Amino acid sequence: MSKISSETRWNLYARYATANSSSDLELTISQSTGCKPIAEIDSFTEDKLGTADLLDEIQASGSRIVKVTGISHKSTAGPKTVSIICRGANTLILDEAERSLHDALCVIRCLVKKKALIAGGGAPEIAIANALSSKSRELTGTEAICWKAFADAMEVIPTTLAENAGLNSIRVVTDLRHRHEFGEKNAGVSIRSGGVKNNMQEESVLQPLLVSTSAVELAAETVKMILRYVPYS
């Protein structure tokens with residue numbers, strides 16, 4: 001494919017701007033260049049086209065890559081789209097790289113939405129579990145059972161972390177619960193120390209606050225939906 005001069009409009013309908021497309025790449029190109037998806041060829045007009053300064057096909061390590069540069073249109077104040085090209089010996093490595101990049105982007109998105117970090121390693125989950133267990137002891141009957149069950153569910157996170165690290169999960173969670181009761185709110189499961197670390201921030205084990213709050217809220221809403229469902233006999 002030869003180079004296309006600046007300010008040239010090009011048709012993205014054939015591969016990128018179909019309404020039935022589910023590809024992330026096609027959606028990204030559509031949003032970045034300003035072209036509009038269409039359902040049928042009859043509705044294909046000039047205002048549905050996207051613009052770019054340069055569309056070029058380049059060779060890189062034996063692969064052909066279509067490079068789009070100079071994206072600028074009304075809905076995009078400057079270039080806001082970049083492409084990350086991953087290379088690997090097999091699809092397993094590429095899939096793992098894609099998952100790692102996706103996780104990293106999700107962390108950044110959470111930090112943009114809510115600029116707050118908390119200690120990781122199961123510290124927030126065990127803190128919530130201790131608070132719920134303390135509240136359950138003040139209650140009686142079915143309500144106390146529900147609070148205690150929620151607390152037990154929160155302890156699954158540090159338990160799983162300990163098991164995946166090859167540690168004694170019962171000993172680690174018991175120690176972790178004990179430390180939090182005495183005010184060590186940043187204590188968590190540490191692989192480096194082979195047990196519980198007093199302050200996970202010292203090992204730079206942090207996580208976005210939005211991740212924990214969203215998980216708890218979604219879990220609570222799911223439980224509410226299940227409890228509200230009453231099957232008919």
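All values reported here derive from a predicted model rather than from experimental measurement. (Residues numbered from 1 in each chain as written. Predicted model: local features only at pLDDT ≥ 70, side-chain atom pairs only at ≥ 80, totals over all residues. Heavy atoms only, no water.)

(A) Structural context of the overall build of the protein. Looking only at helices and strands, the protein has seven helices and eight strands in total. Scored against the burial criterion, the 233 residues of the protein give a buried share of 25%. When contacts within the protein are restricted to residue pairs at least 6 apart in sequence, long-range pairs at least 24 apart make up 49% of them. Looking at the protein as shown, the accessible area adds up to about 16,000 Å², and 56% of this sits on carbon and sulfur atoms. (Helix = DSSP H or I, 4+ residues; strand = E, 2+ residues; numbered from the N terminus. Buried < 20%, exposed > 50% of the residue type's maximum accessible area, 1.4 Å probe, protein only. Contact = heavy atoms within 4.5 Å. Areas by Shrake-Rupley, 256 points an atom, 1.4 Å probe, with all protein chains shown as cover.)

(B) Broad picture of the nonpolar core. In this structure, Ile126, Ala162, Leu167, Val172, Val173, Leu176, Ala187, Val189 and Val196 together form the largest nonpolar core, which totals nine residues. The element contributing the most residues to this core is helix H6 (residues 169–181), with three residues. Once you skip the residues sitting within four places of it in the chain, Val172 turns out to touch Ala162, Leu167, Val189, Gly195 and Val196. (Core = buried A, V, L, I, M, F, W, Y, C linked by side-chain atoms within 4.5 Å.)

(C) Broad picture of the packing of helix H3 (residues 123–136) against H6. Their axes nearest at 10 Å, the elements H3 and H6 cross at an angle of 70°. In terms of orientation, H3 lies roughly perpendicular with respect to H6. Between H3 and H6 the crossing geometry is right-handed. Contact residues: Ala123, Ile126, Ala127 and Asn130 in H3; Val173, Leu176, Arg177, His180 and Glu181 in H6. Among the residues forming the contact of H3 with H6, the class breakdown is five nonpolar, two polar and two charged. (Axes fitted to C-alpha atoms, helices over the stretch in contact; angles between N-to-C directions. Parallel < 35°, antiparallel > 145°, perpendicular 65-115°, else oblique. Left-handed = near helix turned anticlockwise from the far one by under 90°. Nonpolar A, V, L, I, M, F, W, Y, C, P; charged D, E, K, R; others polar.)

(D) Looking closely at the side chain of Asn130. Note that Asn130 resides in helix H3. Once you skip the residues sitting within four places of it in the chain, Asn130 turns out to touch Arg177, His180 and Glu181.

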